[in-house]
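Spelled out from the first residue to the last, the chains are:
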Amino acid sequence: MGMYESAAFQAMNDHRLWEAQNFLRQAVKETPCQRSFQNLGVFYGKEGQQLRSGRGRRAGHLARHWLEKVLACGSTKGANWMLGYLALSEHQPEAALVQFRAAFSLEPEDWSSAYHCALACSRSGADREILYWSQKLPALAQPDEREDSADLLAYALFLSSGRQETPELRELLAEGSDLSLWARFTLSVLLKRPDAATLAIRAWKAYALGMTEKVLLLQALLPDQPALAREYASLWKEQLLESPYPSAKREAAQVEHFLQSASARAALLQDWRPQLPVMMEDCYLD
């Protein structure tokens, strides 16, 4: 690593982003090569988004410019990853899939590229392709990736089967698998499994639920435990009405609407898709 890049990374650690940008640009001038192009491109794709003026307003464009120069020198996983992350942030899942698929094709095959291929397919609605990529994950997973691998495979089996419970999905939903409580709760409600209400209560205690998950909980509890469903809904409304955010009153009204309307709950859950997080790798080159 050259002097300018070392100084840039130190500046980033100290959150002196304007200085880091200047150091990385100087590194490109001094040694124009794949490494310096990639580090500058990654900076604009990540930290550069925080610059409040000047090149910060064009950070995405500049990131693509420098990362494409990297690929002109030869493919690297880091360049493909960052271009994929940028495409996802701009709501272009098909373009992201091209980049993550290219990263996966570079040796060695890796979990992160396969995961983000599945994520991009999920966002574009390509359900069979989600299954293709998610089936690769277990063999590539490190111990701390096993739960995410199981969750994504379970979601893919559910979506690719027309939202049915296949034997393979039933096996994943069984106690003792690597599946997270979050995925087990979500899929059990959507599949109308008998353990849905029990899992819903466990999820309520374990997680902060978004609106979709609150609707899932109401859907699970209302048939047999309507009083408990109303209790949870009242608590959510109280919390929302105490919030200073302008959207809180609207969300409180939504809770009441979903509590009262079976058709509203059904419509929301019919369009359910997993909200998979982007897990960004470190794309800088030392």
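Small disclaimer: the values here were computed from a predicted structure and weren't measured.

J.: It is not clear to me how the overall build of the protein chain should be interpreted in this structure. Could you clarify?
T.: Secondary structure summary: the protein chain contains 17 helices and zero strands in total. By its C-alpha atoms, the protein chain is 70 × 45 × 30 Å across when sized along the principal axes. For the protein chain, long-range pairs separated by at least 24 residues make up 57% of all intrachain contacts whose partners lie at least 6 apart in sequence. In the form shown here, the protein chain has an accessible surface area of approximately 14,500 Å², with 49% of it arising from carbon and sulfur atoms.

J.: What should I look at first to understand the pattern of salt bridges in this one?
T.: Note on pairing: side chains with opposite charge can pair once their charged atoms come close. By the definition in use, this model includes 13 salt bridges. Between lysine 77 and aspartate 110 there is a salt bridge, with its nearest N and O atoms 2.6 Å apart. Taken as a pair, lysine 77 in helix 5 (residues 77-89) and aspartate 110 in the loop between helix 6 (93-105) and helix 7 (111-124) lie far apart in primary sequence, 33 residues in all. Across the salt bridge formed by lysine 237 and glutamate 256, the nearest N and O atoms sit 2.4 Å from each other.

J.: Quick question: what am I supposed to make of the state of the cysteines here?
T.: Joining two cysteines, a disulfide is a covalent bond between their sulfur atoms. Counted under the stated rule, the structure contains zero disulfides. Between cysteine 73, a cysteine without a disulfide, and cysteine 33, which holds the nearest cysteine sulfur, the sulfur-to-sulfur distance is 8.0 Å.

J.: Teacher, can you tell me more about the packing of helix 3 (residues 34-45) against helix 4 (residues 59-73) here?
T.: At a minimum axis distance of 7 Å, the contact between helix 3 and helix 4 shows a crossing angle of 155 degrees. It follows from the interaxial angle that helix 3 and helix 4 lie roughly antiparallel. For the element pair helix 3 and helix 4, the recorded crossing hand is left-handed. Along its contact with helix 3, which presents Gln34, Phe37, Gln38, Leu40, Gly41, Val42, Tyr44 and Gly45, the element helix 4 presents Ala59, Leu62, Ala63, Trp66, Leu67, Lys69, Val70 and Cys73. Classifying every residue of the contact of helix 3 with helix 4 by side-chain character gives eleven nonpolar, four polar and one charged.

J.: Looking at this model, I keep getting lost on the side chain of glutamate 47. Mind explaining?
T.: If you trace the backbone, glutamate 47 turns up in the loop between helix 3 and helix 4. The exposure class of glutamate 47 is buried, given its relative accessible area of 14%. Setting aside residues no more than four positions away along its own chain, glutamate 47 makes contact with Met12, Leu17, Val42 and Tyr284.

J.: Please clarify how the packing of helix 14 (residues 211-221) against helix 15 (residues 226-241) should be interpreted in this entry.
T.: Running from N to C, helix 14 and helix 15 cross one another at 160 degrees; their axes reach a closest spacing of 8 Å. By the angle between their directions, the pair helix 14 and helix 15 is classed as roughly antiparallel. For the pair formed by helix 14 and helix 15, the contact residues are Lys214, Leu217, Leu218 and Leu221 on the first element and Pro226, Leu228, Ala229, Tyr232, Ala233 and Trp236 on the second. Its residues placed into classes, the contact of helix 14 with helix 15 shows nine nonpolar, no polar and one charged.

How each quantity is defined
Residues numbered from 1 in each chain as written. Predicted model: local features only at pLDDT ≥ 70, side-chain atom pairs only at ≥ 80, totals over all residues. Heavy atoms only, no water. Helix = DSSP H or I, 4+ residues; strand = E, 2+ residues; numbered from the N terminus. Contact = heavy atoms within 4.5 Å. Areas by Shrake-Rupley, 256 points an atom, 1.4 Å probe, with all protein chains shown as cover. Salt bridge = Lys/Arg side-chain N within 4 Å of Asp/Glu carboxyl O. Disulfide = S-S within 2.5 Å. Axes fitted to C-alpha atoms, helices over the stretch in contact; angles between N-to-C directions. Parallel < 35°, antiparallel > 145°, perpendicular 65-115°, else oblique. Left-handed = near helix turned anticlockwise from the far one by under 90°. Nonpolar A, V, L, I, M, F, W, Y, C, P; charged D, E, K, R; others polar. Buried < 20%, exposed > 50% of the residue type's maximum accessible area, 1.4 Å probe, protein only.

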